[in-house]
Amino acid sequence: MVKREVLIVTLAAAILMSPQMAMAYIGPGVGAGAIAAVLGVIGSIFLAIVAVLYYPIKRMLKGRKSKVAKGSGDGEPAE
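These numbers were taken from a predicted model, which means no experiment stands behind them.

Caption draft 1: Region of interest: the overall build of the protein chain. Broken down by element type, the protein chain carries two helices and zero strands. By the burial criterion, 0% of the 79 residues in the protein chain qualify as buried. Of the roughly 7,800 Å² of accessible surface on the protein chain, 73% is carried by carbon and sulfur atoms.

Caption draft 2: Here's a closer look at a nonpolar patch on the surface. A surface patch of nonpolar side chains, about 770 Å² in accessible area, is lined by Val 41, Ile 45, Ile 49, Val 52, Leu 53, Ile 57, Met 60 and Leu 61. Among the secondary structure elements, Ile 45 is positioned in helix α2 (residues 28–71).

Caption draft 3: Structural context of helix α1 (residues 2–17). Between its first and last C-alpha atoms α1 spans 23 Å; for 16 residues at 1.5 Å apiece the expected length is 22 Å, and the two agree. The element α1 is largely exposed, with a buried count of zero among its 16 residues.

Quick notes on the rules
- Residues numbered from 1 in each chain as written.
- Predicted model: local features only at pLDDT ≥ 70, side-chain atom pairs only at ≥ 80, totals over all residues.
- Heavy atoms only, no water.
- Helix = DSSP H or I, 4+ residues; strand = E, 2+ residues; numbered from the N terminus.
- Buried < 20%, exposed > 50% of the residue type's maximum accessible area, 1.4 Å probe, protein only.
- Areas by Shrake-Rupley, 256 points an atom, 1.4 Å probe, with all protein chains shown as cover.
- Patch = residues over 30% accessible without salt bridge, like charges linked within 9 Å, V, L, I, M, F, W, Y side chains within 5 Å.
- Salt bridge = Lys/Arg side-chain N within 4 Å of Asp/Glu carboxyl O.
- Expected span 1.5 Å × (residues − 1).

So this is what it looks like as structure tokens:
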């Protein structure tokens, strides 16, 4: 009796996993939308990384410029 149940389960799994023709059409709009979505996600990750790194670099450069301006106290513009 157990062998029969194993055989039925094995046959059912084999039938369900066999490839079949899909008979479906996906238009070019779906492909373009998928590409746009992927590029949007990649772009947002890139912009998030740039935004996180931009502020500390900007502060560092601003601090460097103010030190140069304070160093030349003779009234002449820094070169």
